[in-house]
Amino acid sequence: MNILGIWDGHDAGAALLVDGTLVSAVNEERLTRRKLEIGFPTRSIEACLASANLGPERIDAVAASTADVAKTIGRLAPWTRERYYLVRRRKARPGVISTLTRDAKYALTTWPPNRMTRAWSRSLLQGTLRRAGLTRAAVHVFDHHDCHAIAAACASGFDACAVVTIDGVGDGLSATTSTFQGGRLTRVSATPATHSLGVFFEHVTTLLNMRELEDEGKVMALADYAPAVSDADNPLLDLLRVEDGRIVMARTGASLRRRLAALHWRVPNEQFARMAQRAVEKTTVALVQDAVARTGQRRVAVAGGVASNIKATRQARLLDAVDSLYVFPHMGDGGLALGAALSMAGRAGAAPRLELDSLAIGPAYPEDRMAAALAARGLSPSRAEVTEAAADLLERGAVVMWFQGGMEYGPRALGHRSVLARADRPQLRDRLNLVLKRRVWYQPFCPSMLVSEARRVLEDWDDAPPLNRHMTMAHTVKPGCRADLGAVIGIDGTCRPQLVDDEADGPFAALLRAIRRRTGRGILLNTSFNIHGEPLVCTPEDAVDVYLRAGADALALGPFLVTSRAGE
């Protein structure tokens, strides 16, 4: 059975299952070049079909997610979601209309689906898909949080577990707890959308003059630069609690925003960020504790946008009641297309399962296209052994842009569309932040490391699966090893690593082994191949363009190595 999963909201995308195997998944932003694209994922669908050499007539079922009131209105009148996209990304001027747009978004998204919105969503999606050539497959729409949950559960490798979703809003809910056993989800409890931890943190992000649904990671990073506040002196903790399996907010809607604004006015930005981060951590930990108690399962799988908060999920992982905690690598709404496809497979009678050791399941490109992209911009590459040549450059302190194989699925660069540097040189971190990536100075970079290095340098490391390989979890670095990770460690002594098997195949694992031979450490700084505010590069043409604009020392594009830029 060929199942196409689609998501046509925030971070739109598509995923393709062929006879139960994930063949391809890609998000629309990589193809339209608009960060966190909200339009219908036409190009993602085309990319998934092309990867499997399937025509649209070969698709047996299309699975979509979310049929609440706001999503249905967006499908009926796409200009409404485009308007909010422009407001959220600060592309529209501030003023009365922008304020009303944001207020309308937060009001409408709390309304749950009903029989009419479900029917309209199916009909509207069916019409759009027919225009895209998918005339044979029927559309099935699945619950927003079930899609998050099934993706996390199936990818975790657990035969049975508790599943916790913590999101902004979707289908009238903001968080759920479920059990997963025998390939099936059973929901245990749910938090209504009006009591949303994700929306709480969105408001904090906006008050700090950052972009909600995009810059929450900056808030988490900024929090480390404020002195500690005791829980007794943190007024934000009074706004949140977990009760009977649900998150309960003391204030909701506009009242919550007003209360947060009043508290923010009294304290510096970094202090406000720290208090808010603490509130997210305590609430997440309490919800996971409750899930373990309710389900009797000591293994937990987590998804939803709030699961990207690595400090909160780390605190949950370290609970005595939790044996193992897994975070789905595409935890936000960008992972809903795959969750919908898995939900459809389950409905069709399959026991869905995911093997996500590698996330390089996006588009890949032939060497002749890479050569043409370089030639079109006047670049003359060498064809030396790229891995060894790149390792030589990195050893000497160069910044190397690295483009190999299929593009990564999810928000993290994992050695296929990466910018690389030595992990032990803070001056390279500063150069990347201020010159190449052009982002705030206090947001830390992440390391990629061989598993043997993780055993050596990480204090709270556990070899037991699942390994959370894909930069989804924070770990504390041993004090004696922090100099080895000076460019990739937060001020609190933690890092968010990608873990690569020592004997793994592929050019990136080979590069880590090569840098270990040269420096004694199989660790590199690894950040996404893009300029801040733009999507990760997808095509060879994207890679060459960013290389020329950003000013890295070298570009390793497939078998080609470039060490000078056109015009220099």
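Going by the structure above, here's the rest.
Residues numbered from 1 in each chain as written. Predicted model: local features only at pLDDT ≥ 70, side-chain atom pairs only at ≥ 80, totals over all residues. Heavy atoms only, no water.

Q: Can you tell me about the overall build of the protein, naming the residues and giving the values?
A: Across its full length, the protein carries 19 helices and 21 strands. In terms of C-alpha radius of gyration, the protein reaches 23 Å, essentially the compact-globule figure of 24 Å for 568 residues. Along the first, second and third principal axes, the C-alpha atoms of the protein reach 60 × 60 × 50 Å. Carbon and sulfur atoms make up 50% of the accessible area of the protein, which totals about 21400 Å². Averaging the coordinates of the 71 positive side-chain charges in the protein and doing the same for the 62 negative ones gives two points 4 Å apart. (Helix = DSSP H or I, 4+ residues; strand = E, 2+ residues; numbered from the N terminus. Rg over C-alpha atoms; globule rule 2.2 N^0.38 Å. Areas by Shrake-Rupley, 256 points an atom, 1.4 Å probe, with all protein chains shown as cover. Lys, Arg positive; Asp, Glu negative; His and termini not counted. Charge placed at Lys NZ, Arg CZ, Asp CG, Glu CD.)

Q: Give a description of helix H19 (residues 540-550) that names residues and reports values.
A: Taken together, the buried positions of H19 are Pro-540, Asp-542, Ala-543, Val-544, Val-546, Tyr-547 and Ala-550. Along its buried surface, H19 packs onto helix H1 (29-32), helix H14 (367-376), strand E13 (400-403), helix H16 (426-436), strand E20 (554-557) and strand E21 (560-562). Remark: Gly-551 follows H19 within two positions and exhibits a positive phi of approximately 85°. (Buried < 20%, exposed > 50% of the residue type's maximum accessible area, 1.4 Å probe, protein only. Contact = heavy atoms within 4.5 Å.)

Q: Explain the pairing of strand E11 (residues 299-303) to me, and be specific about the residues and the numbers.
A: With 4 of 5 residues buried, E11 is to be regarded as a mostly interior element. Sheet topology note: the strand E6 (residues 160-170)/E11 ladder contains 4 bridges and is parallel. For Ala-162, the partnering residue across the bridge sits in E11 and is Val-300. Strand direction decides the pairing type here: E11 and strand E12 (residues 324-327), joined by 4 bridges, are parallel. Residue pairing for E12: Val-302 is matched across the bridge by Val-327. (Pairing = 2+ DSSP bridges.)

Q: Please set out the nonpolar core residue by residue, giving values where relevant.
A: Side chains of a nonpolar character, in soluble globular proteins, are inclined to be buried together. Counting 70 residues, the largest nonpolar core has Ile-6, Ile-45, Ile-59, Val-62, Met-401, Phe-529 and Leu-555 as its most contacted members. Ranked by residues supplied to this core, first place goes to H19 with 5 residues. Apart from the residues lying within four places of it in its own chain, the contact partners of Val-62 are Leu-4, Ile-6, Leu-129, Leu-134, Ala-137, Ala-138, Val-139 and His-140. Phe-201, Leu-240, Val-280 and Val-300 belong to the second largest nonpolar core, which has 47 residues in total. (Core = buried A, V, L, I, M, F, W, Y, C linked by side-chain atoms within 4.5 Å.)

Q: Mind laying out helix H7 (residues 144-156), listing which residues take part and the relevant values?
A: Counted at 1.5 Å a residue, the expected span for H7 with its 13 residues is 18 Å, and the 19 Å between its end C-alpha atoms agrees. Most of H7 is tucked away, with 12 of its 13 residues classed as buried. Every buried residue of H7 is listed here: His-144, His-145, Cys-147, His-148, Ala-149, Ile-150, Ala-151, Ala-152, Ala-153, Cys-154, Ala-155 and Ser-156. Residue Gly-157 follows H7 closely and has a positive phi angle near 85°. (Expected span 1.5 Å × (residues − 1).)

Q: Give me the lowdown on the packing of helix H8 (residues 197-207) against helix H11 (residues 269-295), citing residues and values where you can.
A: Running from amino to carboxyl end, H8 crosses H11 at an angle of 170°, the nearest separation of the two axes being 11 Å. Viewed along their axes, H8 and H11 adopt a mutual orientation that is roughly antiparallel. Contacts between H8 and H11 pair Leu-197, Phe-200, Phe-201, Val-204 and Leu-207 from the former with Phe-272, Ala-276, Gln-277, Ala-279, Val-280, Thr-283 and Thr-284 from the latter. Looking at the contact of H8 with H11 residue by residue, the classes come out as 9 nonpolar, 3 polar and no charged. (Axes fitted to C-alpha atoms, helices over the stretch in contact; angles between N-to-C directions. Parallel < 35°, antiparallel > 145°, perpendicular 65-115°, else oblique. Nonpolar A, V, L, I, M, F, W, Y, C, P; charged D, E, K, R; others polar.)

Q: So, the sheet that holds strand E19 (residues 523-528): which residues are in play, and what are the values?
A: The strand order across the open sheet built from 7 strands is E18-E15-E19-E14-E13-E20-E21, with neighbouring strands paired in mixed fashion. Unpaired on one side and paired on the other, strand E18 (498-500) and E21 mark the two borders of the sheet. On average, adjacent strands in this sheet sit at an angle of 25° to one another, irrespective of strand direction. Here E13 runs beside strand E14 (residues 417-422); their pairing, made up of 4 bridges, is antiparallel. Bridge pairing in E14 links Trp-402 to Ser-418. Those strands touched by helix H15 (residues 386-395) are E13, E14, E19, E20 and E21, and its axis lies near 155° from that of E13.

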